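Below are the chains, spelled out letter by letter.
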Amino acid sequence: MEDFDVFTNEIEFSGPAYKHILNKYVTDIPCTPNGPNYESGRKLMAEECLADGMEKECAFHFSEAVSSSVRTLAVYRDEQIQNTGNKLSKITKYIKPVKNIISSNTITKEEASLLNLLPNDVEEVTEILKNYEPDELPLHKKYMRFSSENNVNNFLKILKQFPKEWTIIQLTAPYNPNENLKPFTEYRTEISSIYLTLLTNDYMDHTDIEPFTVEVPANITKVGEKPLFEELYSLLIENYNTIEKAQFLNNKRLIKNYWSRREDIDLRIKSVINVMYKEWLGGWSSLLTGKFEDSALREKVIKQVDTAISDWGFIKLTSKQKTLLYNLLGSSILLSSQQIKSCIRMILTQHGNPDEVRQVLTNCESCSKEFRLLNELCFECLSECFEKIHHFNIVDGIKAFSDVATQIKDGDEWTALRKAKRHPVILIVDEMLDTFPWETLPILNHQPVSRIENIHFLYSLYKEHEDKIVDGYFAAEPNIGRYVINPDKNLERMELRMSSFVKYWCESWSGHIGEPPPPEEFLDYLSTSDIFLYCGHGDGCHFAKGAANGAGVEGASGRTTALLSGCGSVRLSRAPGRTPPSGAHHHLHIASCPIVIGMLWEVTDLEVDKVVSTLLSLYVPSDAPVDWKSVGKAKWSQGLIETSIEQKSQYSPERDLLLAVSRARGATSFTMIASSLVARGLPVRIRDK
């Protein structure tokens, strides 16, 4: 089937025919499909399922629609490792299909012709094949592949295996036909909405609801304003050009202009984050929050909302609506009244039972009973239908739950909610949305948050390290540290700063300073260290090129916490054409590295050194006499630190690496630098002694 038949709007199909073609496209696929086309098909299937009210199927198809090409890389590397260790592995993987043919009662003509190639004594052949039967792959390796194992039942089964502490949310961009027609630089800004899919959540068990999806349309831009993602990419280009030209500054006027542009860029990224939080996501940002460590707070929120439901007689609210209300009001202390009321209105009118709405809907000029999603109806029709179903108007409905929000925001008995500790949040972020700094949204910036490519990689990393997962965290050791600092020999002041830091705070660590390590040694650092620090240009993975028989960093036996502090060290980069993006973290995750921390875009060395040194000083235990925050740094760029001073503040270490990342962002006054820092992988915490 040609991609043109499905992925353009030039052919009009009837509903059933369209769904049949889509279903055939995503199920009859080769073992290594074209990633971008596979993702397009899955997104279209997900949108169809959402319109049909098939929530778990929608969630499954969306889970298949992100970072699919990286799965092919992981499968290829796994097969290469198997082939290296067992020369017969290429042959034995074909044995099971042959055995199935032999034992089958009915075979096709093609299968019969295959059997004709074998000796006549089938029993003897069967006996021989027993000696070479390949080992059964575990589910996490099967699920990484593209096969019949990728189905809704296995998807739900996998979600139930994850630690109960995790909140897993996927953010997906809708299908855009321009992906087939325009260069990436043109269609990347065409994000008209975002799908938020809750895979695991604090309140889903209470309402006994399976994964579900909410579509959040883009904010309406004012006259003269750029759409959010257009502005984001515009300021990133400006940021790159500003930093790239910094080396040519040779007079005071140019230097002053440089700092003026840096400040302007910083204001713009603050504005982008603010628009996403207040105007685009609004109250839906509550769905991104983690589970309460204190389950009593969760039960208290549920009781408060259930009381309002009972008192007002909301007997026809769906489980989805209740789950959304629990999340919203449980986070209301962090949201404005406008965000809360607007979100309550959408929950009550756009996420009810579509069949009930069809029964009471009176057609207006713009609405009909043939709608696919409730958000297609006008507000007047939605309000009228709400009143007919619940027997009071939407204004009273909004008031019922906004009063609950006010009680939570203002009540003294809810003070603990404001500073409540939460379990980790794991964001599965569509490659189209990956450039946005989600972790710095005000509702998330003090929570432990990590990103991951897709559910397949999350499950694979979890199963690879399952014996080390304790209470939802990879239990790490801080004993062995390795570093590579300024291997290109052209960041002299950074070398002086970071070498003085590691010698002071991480005295037992070893590594290379001012020179690149041999490829095998770089790989050994990744395989044997508990923490690996790279300070230089980019991600540094090219220094492992040629190691492990050409596998590079993918040949590492991952256990390390990898901290890569170069420009764009964990960003997704794309080659020209419709090629899938790639990043250093992909290769490190293929090597089973549990977590990779780095930068989303270009950064400056001094500010990054502040952030990275703060992060390590919070996370890594040390025998240093004075905590790093109190150390004198007036001559730090000369490699000199002042330790003969009094402790200025009480040292408060952070053994939760994701929280250490969150706190380290505060080490710089530049939001552009702070928001660039992200973690990708499993939640990690230093093991309790």
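For the structure itself, look to the data block above.
Below: a short report on this structure. None of the values given here were measured: they were computed from a predicted structure. Position labels on residues start from 1 in each chain and follow its written sequence. Selection of residues for local features in this predicted model requires a pLDDT of at least 70, selection of side-chain atom pairs for listing and counting requires 80 or more, and totals for whole chains, interfaces and linings are taken over all residues. Side-chain measures were taken over the full set of non-hydrogen atoms in the model, leaving aside hydrogen atoms and water.

### Some remarks on the environment of K164
Secondary structure elements follow DSSP: runs of H or I of four or more residues count as helices, runs of E of two or more count as strands, with numbering from the N terminus. Residue placement: K164 occurs in the loop between α11 (152-161) and β1 (167-172). K164 sits 308 residues away from G472 along the chain, and the two C-alpha atoms are 7.2 Å apart.

### Overview of the environment of R451
Position of R451 relative to the elements: it lies in strand β5 (residues 449-452). The spacing of R451 and H140 is 311 residues in sequence and 19 Å in space, taken between C-alpha atoms. A polar contact of 2.6 Å, which involves the side chain of R451, links it to the backbone oxygen of D434. N or O atoms within 3.5 Å of each other form a polar contact, as long as, within protein, one can give a hydrogen and the other can take it, and as long as residues adjacent in sequence are counted only when both atoms are side-chain atoms. Within the structure, R451 has its side chain in polar contact with the backbone oxygen of F436 (distance 2.7 Å).

### As for the nonpolar core
As used here, the term nonpolar core means buried Ala, Val, Leu, Ile, Met, Phe, Trp, Tyr and Cys residues forming a set that is joined through side-chain atoms within 4.5 Å. Think of it in three bands: with a 1.4 Å probe and only protein chains considered, a residue is buried below 20% of the maximum accessible area for its type, exposed above 50%, and partly exposed in between. In this structure, F401 and W438 are the most contacted members of the largest nonpolar core, which totals 178 residues. With nine residues, the top contributor of residues to this core is helix α15 (residues 252-281). Only heavy atoms matter for contacts: two residues are in contact if any of them lie within 4.5 Å across the pair. When residues no more than four places from it in sequence are discounted, the contact partners of W438 are L171, I194, M276, L281, L427, V429, L433, L444 and R451. Residues L361, C367, L377 and L382 belong to the second largest nonpolar core, which totals 11 residues.

### Concerning the pattern of salt bridges
A pairing counts as a salt bridge when a side-chain nitrogen of Lys or Arg comes within 4 Å of a carboxyl oxygen of Asp or Glu. Within the structure shown, the criterion is met by 30 salt bridges. In this structure, the salt-bridge partner of D609 is R497, at a minimum N-O distance of 2.7 Å. You can see D609 sitting in helix α27 (residues 605-619) and its partner R497 sitting in helix α24 (residues 492-505), a full 112 residues away along the chain. Among the residues examined, D609 registers a relative accessible area of 2% and is labelled buried. For R497, a relative accessible area of 3% corresponds to the buried category. Residues joined in a network through salt bridges with shared partners are D78, K141, R145 and E464.

### Some remarks on helix α25 (residues 519-528)
Along α25, the residues classified as buried are F522, L523, Y525, L526 and S527. Where α25 is buried, its residues touch β8 (481-485), β9 (510-513), β10 (531-535) and α26 (584-590).

### Structural notes on unusual backbone geometry
Positive phi outside glycine occurs at S67, with the angle close to 50 degrees. With respect to the helices and strands, S67 occurs in the loop between α4 (55-64) and α5 (68-85). Residues other than glycine seldom take positive phi values, yet N549 does so here, at roughly 55 degrees. Considering the arrangement of structural elements, one finds N549 in the loop between β10 and β11 (561-564). By relative accessible area, which is 79% here, N549 ends up exposed.

### With respect to the pairing of strand β7 (residues 473-476)
Across the two faces of β7 the burial is the same, with Y473 and A475 and F474 and A476 all buried. Pairing between strand β6 (residues 469-470) and β7: two bridges, direction antiparallel. Across the sheet, residue V470 finds its bridge partner in β7, namely Y473. Between the antiparallel neighbours β6 and β7 lie two residues, among them D471 with a positive phi of about 55 degrees. DSSP bridges decide pairing: two strands pair if at least two such bridges lie between them. As paired strands, β7 and strand β14 (residues 684-686) are joined by three bridges and run parallel to one another. Directly across from A475, in β14, lies its bridge partner R685.

### Remarks on α15
Counted at 1.5 Å a residue, the expected span for α15 with its 30 residues is 44 Å, and the 42 Å between its end C-alpha atoms agrees. Fitting one axis to the seven residues ending at a residue and another to the seven starting there, the bend at that residue is the angle between the two axes. Where α15 bends most, at V275, the angle is about 30 degrees. Phi turns positive one or two residues past the end of α15, at G282, with a value near 55 degrees. By definition here, a helix of n residues has an expected span of 1.5 Å times n minus one.

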